[in-house]
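Residues per chain are reported as follows:
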Amino acid sequence: MKLLSYTHQGRTHFGALRGQDQIVALDGQSLGHGQGFASLRDALEAHALPALAKLADTLAPTHKLNEVRLLPPIPSPEKIICVGVNYGKRNEEYQDGSAPPAYPSVFPRFPGSFVGHGEPLLRPPESEQLDYEGEIAIIIGKAGRRIAAEDAWSHIAGLTCLNEGTVRDWIKHGKFNVTQGKNFDASGSMGPWMVTADEFDPAAPLTVTTRVNGELRQQDATDNLMFPFAELIRYISIWTTLKPGDVISTGTPIGAGVRFTPPRFLKPGDVVEVEVAGIGVLSNPVADEVAAH
């Protein structure tokens, strides 16, 4: 099932995608107790996805895809945790002679740094080094602390596409962190929707592909991850409780713009597409941010 969050006529909704372009609104739908759920995150917290899936099959579509503005699947997660240098060839890309890492490299992102499918990625006036990073993101469905790797998949609600947009010169401002360059407002994107975990074979690799203006820039598969999904969930849940709606972005392949000679950073008018087999295509144009005065 494909679940999405969106706005329509100034109101925020979530629903299920039926076919190619029909949306069935699910917010506010009662399952026989209470007033229903205001958001997809609320539905995850209540473990209501199976019941909502059955309900969605009985409801008429309420909107068409081209009538709404898509948001990230979980517009306001408690945590967004990103993983750096996780594909095997990424470590070699640094050309520093270092051994593969013993632990994942992780950093936080804030919800406001992401927009939904179709919305512009904003290049800030402080830098011309906005870059793309196509990734697969995990959305947590069941809370847990110190989750065993063999139990990890049962904590996944679904997967989505993510562009972990980065302002490259700003990640170098701090000696020990990259937070600044990873959190400019509207510098990344997520979506178009979450595909529920039951649509995937946990043992089968997934391919992620990034294109800029139709040109292939990145492509790799999850069987090349140094830290697979289960290990990321195990490791991260040691030090923080993972909660429904939390997002873990699992790393980007080689081929980001900064690695070209000369670098090929994003500029206004570019279109970035991140495609994940079994999920779909996340597409966003690039525009300059208009700074408020």
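Throughout what follows, the structure given in this document is the object of discussion. (Residues numbered from 1 in each chain as written. Predicted model: local features only at pLDDT ≥ 70, side-chain atom pairs only at ≥ 80, totals over all residues. Heavy atoms only, no water.)

## So, the overall build of the protein
Counting secondary structure elements, the protein contains 4 helices and 19 strands. By the compact-globule yardstick of 19 Å for 293 residues, the protein fits well, its C-alpha radius of gyration being 19 Å. Across the 293 residues in the protein, those meeting the buried criterion constitute 51%. The contacts in the protein between residues at least 6 apart in sequence include a share of 75% that link residues at least 24 apart. (Helix = DSSP H or I, 4+ residues; strand = E, 2+ residues; numbered from the N terminus. Rg over C-alpha atoms; globule rule 2.2 N^0.38 Å. Buried < 20%, exposed > 50% of the residue type's maximum accessible area, 1.4 Å probe, protein only. Contact = heavy atoms within 4.5 Å.)

## Points about the pattern of salt bridges
Taken as a whole and judged by the stated rule, the model has 17 salt bridges. Across the pair D288 and R123 runs a salt bridge whose closest N-O atoms are separated by 2.8 Å. Here R123 lies in strand β9 (residues 121-123) and D288 lies in strand β19 (residues 280-288), a separation of 165 residues in the sequence. D288 gets classed as partly exposed once you look at its relative accessible area, which sits at 40%. Between R264 and E215 there is a salt bridge, with the nearest N and O atoms lying 2.9 Å from each other. (Salt bridge = Lys/Arg side-chain N within 4 Å of Asp/Glu carboxyl O.)

## Quick word on the nonpolar core
Note on soluble globular proteins: their nonpolar side chains tend to be buried together. Counting 37 residues, the largest nonpolar core has I138, L159, I233, I248 and I279 as the members making the most contacts within it. Per-element accounting of this core gives the leading share, 5 residues, to helix α4 (residues 229-239). Here this core spans two domains, and each of domain 1 (2-70) and domain 2 (72-288) adds at least three residues to it. If we ignore the near neighbours within four places in the chain, the residues touching I138 are I156, G158, L159, F229, I233, D246, V247, I248 and T250. If you look at the next biggest cluster of nonpolar residues, it comprises 26 residues, including L3, A48, I74 and F114. (Core = buried A, V, L, I, M, F, W, Y, C linked by side-chain atoms within 4.5 Å. Domains from an automatic or database assignment.)

## Digging into the pairing of strand β2 (residues 11-18)
Side chains on a regular strand alternate between the two faces of the sheet. The sheet contact formed by strand β1 (residues 2-8) and β2 spans 7 bridges and is antiparallel. Residue pairing for β2: T7 is matched across the bridge by T12. Taking the residues between adjacent antiparallel strands as the criterion, β1 and β2 are bridged by 2 residues, where Q9 takes a positive phi near 50 degrees. In this sheet, strand β3 (residues 22-25) lies alongside β2 in antiparallel orientation, the contact comprising 4 bridges. Paired with R18 across the bridge in β3 is Q22. Linking β2 to β3, which pair antiparallel, is a turn of 3 residues; within it G19 sits at a positive phi near 65 degrees. (Pairing = 2+ DSSP bridges.)

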